[in-house]
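Chain by chain, the residues:
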Amino acid sequence: RHLVEHGLPGQKNFWENLGDASFTALPMCAFALMLIGHLNGLQRRLYLQATRDVLTGLANRRCFMDKTPEHIVPDDAVMIIDVDCFKDINDSFGHDVGDRCLLEIAQHLSGCIAEGDLHARIGGEEFAVFIPRADEDRLHRIATMISGGIDFDAGQGVMRRVSLSVGIGRHSETGPRHDALRLADQAVYQAKAAGRARYRMLTGAQRDQSGADYPVAVPAT
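Now for a description of the structure that goes with this document.

So, how was this worked out
- Residues numbered from 1 in each chain as written.
- Predicted model: local features only at pLDDT ≥ 70, side-chain atom pairs only at ≥ 80, totals over all residues.
- Heavy atoms only, no water.
- Helix = DSSP H or I, 4+ residues; strand = E, 2+ residues; numbered from the N terminus.
- Contact = heavy atoms within 4.5 Å.
- Areas by Shrake-Rupley, 256 points an atom, 1.4 Å probe, with all protein chains shown as cover.
- Polar contact = N/O pair within 3.5 Å; in protein donor to acceptor, adjacent residues only side chain to side chain.
- Buried < 20%, exposed > 50% of the residue type's maximum accessible area, 1.4 Å probe, protein only.
- Salt bridge = Lys/Arg side-chain N within 4 Å of Asp/Glu carboxyl O.
- Pairing = 2+ DSSP bridges.

1. Notes on the overall build of the chain
(1) Moving on: Check the secondary structure of the chain and you find seven helices and ten strands.
(2) Moving on: For the chain, restricting intrachain contacts to residue pairs at least 6 apart in sequence, the fraction spanning at least 24 positions comes to 63%.
(3) Moving on: Carbon and sulfur atoms provide 56% of the accessible area of the chain, an area that totals close to 12600 Å².

Here's what the structure looks like:
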């Protein structure tokens, strides 16, 4: 106890050494904590940059593929969504207006799906949605809302109805995600060929069990 309180002859005691150590260590600990916080924030920003679409703020293709299962069960569905006649908007009003249109389409998609569904911009005017545990009635409601599109103010008093074509791919038995996406992509082309502003659904190897067309009561632009 005497050594702790008074130290060795000619040396600082315990309390003096503790004070010196604290004077040095506390600023270093504070700096370390600040550095850790900065690195965590930087990591979050880098993750967002790598997984988010810059224009719309939605997930990008990479994020969509990372967060969807590699095998799609029959209760799940994937959608590919393409903006109808989007080139006309870019050609008529310019790319700035086209970008604003895509942003509003992204907001439209966000309003059509539920929490737990994943939507992403996967390139150009193309979007994708993953819907787990989706029965056919729910898919019909979502696809109908999406394909109905938006009333878009292109500026200078010009309003455009911008519709979307939707392709749905799903499996009758558990199958690879890339097959479901391929089915959805084929279904988009069928929807466009049938007149746009509608959806088509392809299931497994049967390639559209019903052969039915799913028009929306909104005329294509």
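2. Concerning the side chain of Asp 84
(1) Moving on: You can see Asp 84 is positioned in the loop between strand E2 (77-83) and helix H4 (86-93).
(2) Moving on: Here Lys 192 takes part through its side chain, which lies 2.8 Å from a polar atom of the side chain of Asp 84.
(3) Moving on: Here the side chain of Asp 84 touches Ala 197 through a polar contact of 3.0 Å, landing on its backbone nitrogen.
(4) Moving on: The contact partners of Asp 84, leaving out residues within four places of it in the chain, are Ser 163, Leu 164, Ser 165, Lys 192, Arg 196 and Ala 197.

3. Topic: the environment of Ile 81
(1) Moving on: Mapped onto the elements, Ile 81 comes out in strand E2.
(2) Moving on: Looking at Ile 81, the relative accessible area reads 0%, which means it is buried.
(3) Moving on: The spatial distance from the C-alpha of Ile 81 to the C-alpha of Ala 120 is 10.0 Å, given a sequence separation of 39 residues.
(4) Moving on: In contact with Ile 81, not counting residues within four places along its chain, are Leu 109, Glu 125, Glu 126, Phe 127, Val 129, Ile 146, Leu 164, Ser 165, Val 166 and Val 188.

4. Section: the pattern of salt bridges
Charged atoms that come close allow side chains of opposite charge to pair.
(1) Moving on: Taken as a whole and assessed by the stated rule, the structure comprises nine salt bridges.
(2) Moving on: Salt-bridge contacts for Arg 62 lead to Asp 66; the nearest nitrogen and oxygen are separated by 4.0 Å. You can see Arg 62 and its partner Asp 66 sitting in helix H3 (residues 61-67), four residues apart, about one turn around the helix.
(3) Moving on: Given the relative accessible area of 51%, Arg 62 is considered exposed.
(4) Moving on: Take Asp 66: its relative accessible area is 57%, and that puts it in the exposed class.

5. Describing the pairing of strand E5 (residues 150-155)
Taken residue by residue, a regular strand's side chains alternate between the two faces of the sheet.
(1) Moving on: As defined by bridge partners, E5 adjoins strand E6 (residues 158-162) across five bridges and the pair is classed as antiparallel. Its bridge partner being in E6, Asp 153 is matched across the sheet by Met 159.
(2) Moving on: Here E5 hands over to E6 after two residues, with Gln 156 in that stretch at a positive phi of 55 degrees.

6. A few points about the pairing of E2
(1) Moving on: Within E2, seven of the seven residues are buried, which leaves it mostly tucked inside the rest of the structure.
(2) Moving on: Side chains of E2 alternate between two faces, with Ala 77, Met 79, Ile 81 and Val 83 and Val 78, Ile 80 and Asp 82 buried alike.
(3) Moving on: As defined by bridge partners, E2 adjoins strand E4 (residues 126-131) across six bridges and the pair is classed as antiparallel. Looking at E4, one finds that Ala 77 is bridged to Ile 131.
(4) Moving on: In this sheet, strand E7 (residues 164-170) lies alongside E2 in antiparallel orientation, the contact comprising six bridges. Bridge assignment links Asp 82 to a residue of E7, and that residue is Ser 165.

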